[in-house]
Amino acid sequence: MEYRGRFAPSPTGLLHFGSLVAAVGSWLRARQAGGRWLLRMEDIDPPREVPGSAAAILAALPAFGLVADEPVLRQSERRAAYDAAFARLRAIDAVFPCWCSRSGLAAGAALHRDGRCLAPPDPRREPAWRLRAPDCDIAFDDAVQGPQRQNLREAAGDFVIRRVEGLYSYQLACVVDDAHQGITEVVRGCDLLDSTPRQIWLQRLLGLPTPRYLHLPLALDGAGRKLSKSTQAWPVDPADPLPALHRALAFLGQPPAEHLADAPALLAAAVSRFDPALIPERGGCFAG
Ligand SMILES: [Zn+2]
């Protein structure tokens, strides 16, 4: 089967070092396998979106030599597919309505188990919808992080897949789109390692294939926090891509590359020597 990988940023800010690491890691893995590398814009959460950032991210990637093999898939255009998946989950009674108020959830009543909402039904408003988490271990073998195992009921409980406003959760959209794009291996940051068992359970319920997984170390700031777009930490400069690319390759544990004239040449050289076994499990401090 042809290798198909992807990079799936959210439009919540400019491309930063942490997302560049995920983009480069997924690109190297796909290129070394002789496969395809796809892009998906995870613009499923309008309240969190930063206007203009989707276009800025898509414009920046080619400057780093990262060019997708197929047109970009935008989650904002995939509503019908998520509706269909949700309808299927309802049909098999895998979901239940949650009437908890936002303030009730914030007050610490968030963990739901055994298909029971903690609040009484309120017919005057729309509910959120949760997926029933099974009391069983979901296991998978991560290509960098090694064997993983999680009891969904204990670790996650019944989790929200459709919010009160009708927006679908990251977990549902990601699973539906990974299958739609024919992704054979998901390469992404370690902050999503914990989401993977929930996604595997959704794949099983929806009759979708489970891809392989490779979770990259996270780039942290000086205080040990994840470099995230929302904090605007270290945006990378598309006008001067080589320094950030060298740092991303070093962060992924790859041997120093010779100094080549442009980003495509540097990445092409990195593919030939790319060794996933050198990727560290844990991230380190990235101080610019
Ligand atoms: Zn509830």
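Only a predicted model underlies this, so the values are computations on that prediction, with no experimental measurement involved.

Undergrad: I tried to follow the environment of Ser 53 on my own but got confused; where do I start?
TA: Along the polypeptide, Ser 53 turns up in helix α2 (residues 53-63). A C-alpha to C-alpha distance of 5.1 Å links Ser 53 and Pro 11, two positions 42 residues apart in sequence. In this structure Ser 53 touches Pro 11, Thr 12 and Gly 13, once residues within four positions along its chain are discounted. At a separation of 2.6 Å, a polar atom in the side chain of Ser 53 contacts the main-chain carbonyl oxygen of Pro 11.

Undergrad: How should the pairing of strand β2 (residues 36-41) be read in this particular structure?
TA: Successive side chains on a regular strand alternate, one facing one side of the sheet and the next facing the other. Burial runs high along β2: five of the six residues are buried. Sheet topology note: the strand β1 (residues 4-7)/β2 ladder contains four bridges and is parallel. In the strand pairing of β2, Arg 6 is matched with Leu 38. In terms of strand pairing, β2 meets strand β3 (residues 73-74) through two bridges, oriented parallel. Bridge pairing links Met 41 to Arg 74 in β3. Between the parallel elements β2 and β3, the chain passes through α2 in a crossover that is right-handed.

Undergrad: Hey, could you run me through the state of the cysteines in this one?
TA: Applying the stated criterion across every chain yields a total of zero disulfides. As a non-bridged cysteine, Cys 136 has Cys 174 as the owner of its nearest cysteine sulfur, 20 Å distant. Exposure remark for Cys 136: the relative accessible area of 28% places this residue in the partly exposed category.

Undergrad: I keep staring at the coordination of the zinc ion and nothing clicks. Help me out?
TA: A metal bound by six donors in octahedral fashion has ideal angles of 90 or 180 degrees, whereas one bound by four tetrahedral donors has an ideal angle of 109.5 degrees. Coordination sphere of the zinc ion, protein contribution only: Cys 98 (SG), Cys 100 (SG), His 112 (NE2) and Cys 117 (SG), at 2.1 to 2.4 Å. In the primary structure, the donors to the zinc ion are separated according to the pattern C-x1-C-x11-H-x4-C. One end of the pair, Cys 100, is in the loop between β4 (95-98) and α4 (102-106); the other, Cys 117, is in the loop between α4 and β5 (128-131), and 17 residues separate them in sequence.

Undergrad: Is there a simple way to think about the packing of aromatic side chains in this case?
TA: How two aromatic rings sit relative to each other is set out by the distance from centre to centre and by the angle between their planes. Taken as a whole and assessed by the stated rule, the structure comprises six aromatic pairs. Where Tyr 82 meets Tyr 168, the ring centres are 6.1 Å apart and the plane angle is 65 degrees; that geometry is what we call edge-to-face. In this pair, Tyr 82 sits in helix α3 (residues 79-91) while Tyr 168 sits in the loop between β8 (159-162) and α6 (170-180), placing the two residues 86 residues apart along the sequence. For Tyr 82, a relative accessible area of 2% gives the class buried. Residue Tyr 168 is classed as buried on the basis of its relative accessible area, which comes to 3%. These aromatic residues form a ring-pair network of at least three members: Tyr 82, Phe 86, Trp 129 and Tyr 168.

Undergrad: How should the packing of α3 against α6 be read in this particular structure?
TA: Think of two packed helices as two axes; the pair is described by the angle between the axes and how far apart they sit. Two numbers describe how α3 lies on α6: the axes approach to 10 Å, and their chain directions differ by 105 degrees. In this view, α3 runs roughly perpendicular relative to α6, as classed from their interaxial angle. Contacts from Ala 81, Tyr 82, Ala 85 and Leu 89 of α3 reach α6 at Leu 172, Ala 173, Val 176 and Asp 177. When the residues that make up the contact of α3 with α6 are grouped by side-chain class, the tally is seven nonpolar, no polar and one charged.

Undergrad: So what exactly am I meant to see when it comes to the environment of Ala 156 here?
TA: Note on placement: Ala 156 falls in the loop between α5 (152-155) and β8. Since its relative accessible area comes to 17%, Ala 156 is described here as buried. Sequence separation of Ala 156 and Leu 111 is 45 residues, and the distance between their C-alpha atoms is 7.5 Å. Beyond its immediate sequence surroundings of up to four residues, Ala 156 is in contact with Leu 111, Asn 151 and Arg 198.

The rules behind the values
Residues numbered from 1 in each chain as written. Predicted model: local features only at pLDDT ≥ 70, side-chain atom pairs only at ≥ 80, totals over all residues. Heavy atoms only, no water. Helix = DSSP H or I, 4+ residues; strand = E, 2+ residues; numbered from the N terminus. Contact = heavy atoms within 4.5 Å. Polar contact = N/O pair within 3.5 Å; in protein donor to acceptor, adjacent residues only side chain to side chain. Buried < 20%, exposed > 50% of the residue type's maximum accessible area, 1.4 Å probe, protein only. Pairing = 2+ DSSP bridges. Right-handed = clockwise from strand over helix to strand, strands pointing away. Disulfide = S-S within 2.5 Å. Donors = N, O, S within 2.8 Å, 3.2 Å for Na, K, Ca; no water. Phe/Tyr/Trp six-rings, centres within 6.5 Å; stacked < 30°, edge-to-face > 60°. Axes fitted to C-alpha atoms, helices over the stretch in contact; angles between N-to-C directions. Parallel < 35°, antiparallel > 145°, perpendicular 65-115°, else oblique. Nonpolar A, V, L, I, M, F, W, Y, C, P; charged D, E, K, R; others polar.

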